[in-house]
Amino acid sequence: RRLSSVEIELHRKLLGDAPRNRAFFDALSRVIRPGESTVLDIGAGTGFLSFLARRLGAKQCTLIEYADTIELAEALARANRIDGLQFLRAHSAEVRRKLAADIVVTETLGNFALEEGFLETAIDARRFLKPGGVILPSRLRQFAAPVVSDRLQRDIDIWPRVGYDLDLSAAREISLNNMYVRSIGAEDVGGEHFIQCWDDLDLRPQCPAPPSKRTRVLRWSADETGLQLHGFALWWEAELIPGIVLTTSPHAPPTHWEQIYLPLLRDVTLEPGDDVELELTCDTRPDVGVRLVWKTIHRRGHRVIAEQRQDRMTRCAA
């Protein structure tokens, strides 16, 4: 059937992202052995990455895609006279046939990196790799920083300003237990010295498989001028191969991906010497979906000034 406007718009954004396309082209050109390498493309979409791989000399490419775009990929392959392709309409986790590839590529990254099952897909894909095979991306890091601008919080937390003598606090609590896809700039977050890595996933087949549920605690201290926090920004960095990185950092040139904003229930105002602690728990087990819990603790010395806990179990809000 014909693709929906939503589906084709997604792929328009993907293929219009020149930094993304160039990064994958450069990475594939370094790992493909012309006439020898076989490639498995998981979440192949329109087939773009497999088309690049064949043009770079890959011997054969297998495309796995469960959505209707697999039919578009076949049509595009015919239009461009690209052969050496095998098309499988399925989710990769459901594929039981024996496949053996030198290279697995899976660009199933979301604005929140793991919202499309990227981790579980990448780990499961190890069973398709030949000994010595490589997976792209080979590593994923996720970062966090405090948001010091009130721009994002004011845009989201409209509930107290609705007026008409209505108590909307129950709706507000639901709204703020959410993570939001937003364009976050360098001016919205604290300086680069505030950036911390909260998740580091090494996906190479020779490394232990990262668990789907992980917790990390981050801490920031206010300097002599104090600090006011309205929420936290999250973004990611995917290392395709050593030396070639895709990033959604607010400090980097923009891609079609945006950043994630985690609002607070209440602003946190740190006096000089105060600390704020952020505990992030990410759970992407298949029976859970996507669950992110963020717990914020404001400390003054050994004393807890305030504490708030938020929990988002499903996809990001637009």
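See the structure shown above.
Residues numbered from 1 in each chain as written. Predicted model: local features only at pLDDT ≥ 70, side-chain atom pairs only at ≥ 80, totals over all residues. Heavy atoms only, no water.

Tell me about the overall build of the protein, and name the residues and values.
Each helix and strand counted, the protein has 7 helices and 15 strands in total. Over its C-alpha atoms the protein spans a radius of gyration of 22 Å, differing by no more than 12% from the 20 Å that the globule rule assigns to 318 residues. Seen along its three principal axes, the alpha-carbon backbone of the protein occupies a region of about 65 × 45 × 35 Å. Within the protein, the fraction of its 318 residues that count as buried is 53%. For the protein, contacts bridging at least 24 residues in sequence account for 74% of all contacts bridging at least 6. (Helix = DSSP H or I, 4+ residues; strand = E, 2+ residues; numbered from the N terminus. Rg over C-alpha atoms; globule rule 2.2 N^0.38 Å. Buried < 20%, exposed > 50% of the residue type's maximum accessible area, 1.4 Å probe, protein only. Contact = heavy atoms within 4.5 Å.)

Would you mind going over the packing of aromatic side chains in detail, with residue names and values included?
Across all of its chains, the model carries 3 aromatic pairs by this definition. Judged by centre distance (4.8 Å) and plane angle (75°), the ring pair of Trp236 and Trp257 falls under edge-to-face. In this pair, Trp236 is assigned in strand 10 (residues 227-241) and Trp257 in the loop between strand 11 (244-247) and strand 12 (259-270), connecting sequence segments 21 residues apart. Taken as a pair, Trp236 and Trp257 share a single burial class, namely buried. (Phe/Tyr/Trp six-rings, centres within 6.5 Å; stacked < 30°, edge-to-face > 60°.)

Account for the side chain of Thr296, with residues named and values stated.
With respect to the helices and strands, the residue Thr296 is situated in strand 14 (residues 291-300). With a relative accessible area of 2%, Thr296 lands in the buried category.

Account for the layout of surface pockets, naming residues and giving values.
Looking at the second largest pocket, its volume works out to about 160 Å³. Along the walls of the second largest pocket sit 13 residues, with Ile135, Ser138, Arg204, Ile241 and Pro242 positioned nearest its centre. Those elements that provide at least two residues to the lining of the second largest pocket are strand 5 (129-136) and strand 10. (1 Å grid on protein atoms, 1.4 Å probe; cavity = no way out; pocket = protein on both sides within 12 Å on 5 of 7 lines; lining within 4 Å. Points joined across faces, edges and corners; volume = space filled by probe spheres on them.)

Provide a residue-level description of the pattern of salt bridges, including the pertinent values.
Applying the stated rule across the entire model yields 25 salt bridges. Its salt-bridge partner being Arg22, residue Asp26 comes within 3.2 Å of it at the nearest N-O pair. One end of the pair, Asp26, and the other, Arg22, are both in helix 2 (residues 18-31), 4 residues apart, so they sit about a helical turn from each other. Relative accessible area serves as the criterion here: at 48%, Arg22 is assigned to the partly exposed category. Overlapping salt bridges bring together Arg33, Glu36, Asp102 and Lys130 as one network. (Salt bridge = Lys/Arg side-chain N within 4 Å of Asp/Glu carboxyl O.)

A description of the packing of helix 2 against helix 3 (residues 48-55) should follow, citing residues and the corresponding values.
Contact pair helix 2 / helix 3: the axes reach a minimum separation of 10 Å and the direction vectors enclose 40°. Regarding the angle of helix 2 to helix 3, the classification is oblique. Classified by chirality, the crossing of helix 3 by helix 2 is right-handed. For the pair helix 2 and helix 3, the contacting residues are Arg20, Asn21, Phe24, Phe25 and Leu28 in the first and Phe48, Leu49, Leu52 and Ala53 in the second. Residues that form the contact of helix 2 with helix 3 fall into these classes: 7 nonpolar, 1 polar and 1 charged. (Axes fitted to C-alpha atoms, helices over the stretch in contact; angles between N-to-C directions. Parallel < 35°, antiparallel > 145°, perpendicular 65-115°, else oblique. Left-handed = near helix turned anticlockwise from the far one by under 90°. Nonpolar A, V, L, I, M, F, W, Y, C, P; charged D, E, K, R; others polar.)

Give me the sheet that holds strand 2 (residues 60-64): which residues, what numbers.
By definition, the strands of a sheet pair up through backbone hydrogen bonds, in either a parallel or an antiparallel sense. A sheet is described by the order of its strands in space; here 5 strands give the open sequence 3-2-1-4-5, paired in parallel fashion. The strands lining the two open edges of the sheet, one partner per strand, are strand 3 (85-88) and strand 5. Averaged over all pairs of adjacent strands, the angle between their axes in this sheet comes to 20°, without regard to strand direction. Of the pairings in the sheet, the one linking strand 2 to strand 3 comprises 4 bridges and is parallel in character. Bridge pairing in strand 3 places Cys61 opposite Leu85. Contacts between helix 3 and the sheet are confined to strand 1 (38-42), strand 2, strand 3 and strand 4 (101-106), with strand 2 contributing the most and set at about 175° to the helix. Running over the sheet, helix 4 (residues 69-79) touches strand 2 and strand 3 and is turned about 165° from strand 3. (Pairing = 2+ DSSP bridges.)

Outline the state of the cysteines, listing residues and values.
For the coordinates displayed, the defined rule picks out 0 disulfides. The closest cysteine sulfur to the non-disulfide-bonded Cys197 is located on Cys282, 13 Å from its own sulfur. For Cys282, a relative accessible area of 0% translates into the label buried. (Disulfide = S-S within 2.5 Å.)

How would you sum up helix 2? Please name residues and give values.
One turn of an α-helix holds 3.6 residues; hence residues three or four places apart share an orientation. Its 14 residues place the ends of helix 2 20 Å apart at the C-alpha level, agreeing with the 20 Å of an ideal helix rising 1.5 Å per residue. Listed in full, the buried residues belonging to helix 2 are Arg20, Asn21, Ala23, Phe24, Ala27, Leu28 and Val31. Buried residues along helix 2 cover an arc of 165° about the axis, so they all sit on one side. The exposed set on the far side of helix 2, more than 90 degrees from its buried face, consists of Ala18 and Arg30. Here the buried face of helix 2 lies against helix 1 (5-15), helix 3, strand 4, strand 5, strand 10 and strand 11. (Expected span 1.5 Å × (residues − 1). Arc of directions from axis to C-beta.)

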